[in-house]
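What follows is the residue order along each chain.
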Amino acid sequence: IASSELIGCSKTFATIISKINENVIDFNYGIRWINDFLIFIPKLILNNRTLPSSEYFVQLFFPDLKEGAGLGWFILNDGYWAFGLPGVGFISLVYGYLLRLNYEIIMGISNNSFVLGLYQNLYFVTVITSVRTGIFGSIKIYLINLLSLFFIVNIYKLFYRKTV
C-alpha cells in the first residue's frame, strides 16, 4: 500500500522538473535558500518573512490546497530547483556530511549506550523528516531535537554522578 506521504514528495519533485523543462519556472540559483534559511528565525521576531520553498511551491502551483494536503517537500527539491542535477548532488553531499559530522560529535561527547540510543532516535527522525520538509526543515527539526537531547544527557549525567 503506497502512502500519500511518499507519493506527494515525488509529485512535487516531478512538478518542479516538468515546470522547469516547460519554462514555466526557472532555476532559482539558490535565492530560495535565503528564504528557507529565514525559517530559523521565529515569526515572533520576523513576522513578515517570505514563505519557505515548500509553502511557496504550493502557493504557486496549487493555490487552492490547504495546509496538510499531502504534498511533501522532498529534500532533493531544494537542490534541483536551485541548480538542477548539480544542486541535487550538492544537497545530498551537504546533508550526508552534516549527519556524519553530528555522529562524530556525539561519539566524541559520549560512548554511553543510553546517549547513543537517544542519538539513534534523533537521527531516525532527522532522516525521516528529510522526505517531508527539505534540507532546511530537516536541519531545523534536528537542532530542536538536539537541544532536547543535550538536556536529557545533562540530566542523565547529573543523576548518574549522584548514584555512583
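Up top you'll find the structure we're talking about.
A brief report on the enclosed structure follows. Keep in mind that what you see is a predicted model, and the values were worked out from it rather than measured.

### Points about the overall build of the chain
Assigned secondary structure in the chain consists of six helices and zero strands. Starting at the N terminus and ending at the C terminus, the chain contains elements arranged as α-α-α-α-α-α. Expressed as a percentage of the 164 residues in the chain, the buried residues total 34%. The long-range fraction of contacts in the chain, counting pairs at least 24 apart against all pairs at least 6 apart in sequence, stands at 67%.

### What about the side chain of T15?
Inspection of the secondary structure puts T15 in helix α1 (residues 4-21). Once residues lying within four places of it in the same chain are set aside, the contact partners of T15 are F57 and F61.

### So, the side chain of N77
By secondary structure assignment, the location of N77 is in helix α4 (residues 75-83). Not counting residues up to four positions away in its chain, the partners in contact with N77 are T12, F13, I16 and G72.

### Observations regarding the nonpolar core
Counting 21 residues, the largest nonpolar core has I16, I20, F57, I75, Y80, W81 and I135 as its most contacted members. The set of elements that each furnish at least two residues to this core consists of α1, α3 (53-61), α4, α5 (85-109) and α6 (113-163). Per-element accounting of this core gives the leading share, five residues, to α4. Apart from the residues lying within four places of it in its own chain, the contact partners of I16 are I25, F57, W73, N77, Y80 and W81.

### Quick look at unusual backbone geometry
With the exception of glycine, the majority of residues adopt a negative phi angle, and the majority of peptide bonds are in the trans configuration. Unusually for a residue other than glycine, N23 sits at a positive phi of about 60°. The residue N23 is located in the loop between α1 and α2 (31-37) in this model. Relative accessible area serves as the criterion here: at 68%, N23 is assigned to the exposed category. Positive phi, close to 50°, is recorded for Y29, a residue that is not glycine. Relative to the assigned elements, Y29 resides in the loop between α1 and α2.

### What about the environment of N121?
For N121, the position within the fold is in helix α6. Put simply, N121 and L149 are 28 residues apart on the chain and 9.8 Å apart in space, counted from C-alpha to C-alpha.

### Structural notes on the packing of aromatic side chains
The description of two aromatic rings rests on the distance between their centres and on the angle between their planes. Overall, the coordinates contain 14 aromatic pairs when judged by the stated rule. Note on Y29 and F83: the rings are 6.2 Å apart at their centroids and 65° apart in plane angle, and the pair reads as edge-to-face. Of this pair, Y29 sits in the loop between α1 and α2 while F83 sits in helix α4, placing them 54 residues apart in sequence. Among the residues examined, F83 registers a relative accessible area of 36% and is labelled partly exposed. When the ring of Y56 is compared with that of W81, the centres are 6.0 Å apart and the planes differ by 25°; the resulting orientation is stacked. Of this pair, Y56 sits in helix α3 while W81 sits in helix α4, and the two are 25 residues apart along the sequence. Exposure remark for W81: the relative accessible area of 4% places this residue in the buried category. Through pairs of rings, three or more aromatic residues link up here, namely F13, F27, Y29, W33, F74, Y80, F83, F90 and F136. Sitting above the plane of the Y56 ring, R32 keeps its charged end 4.2 Å from the centroid.

Each value, and the rule that gives it
- Residues numbered from 1 in each chain as written.
- Predicted model: local features only at pLDDT ≥ 70, side-chain atom pairs only at ≥ 80, totals over all residues.
- Heavy atoms only, no water.
- Helix = DSSP H or I, 4+ residues; strand = E, 2+ residues; numbered from the N terminus.
- Buried < 20%, exposed > 50% of the residue type's maximum accessible area, 1.4 Å probe, protein only.
- Contact = heavy atoms within 4.5 Å.
- Core = buried A, V, L, I, M, F, W, Y, C linked by side-chain atoms within 4.5 Å.
- Phe/Tyr/Trp six-rings, centres within 6.5 Å; stacked < 30°, edge-to-face > 60°.
- Lys NZ or Arg CZ within 6 Å of the ring centre and 35° of its normal.

Limitation: the analysis is restricted to geometry and does not speak to function.
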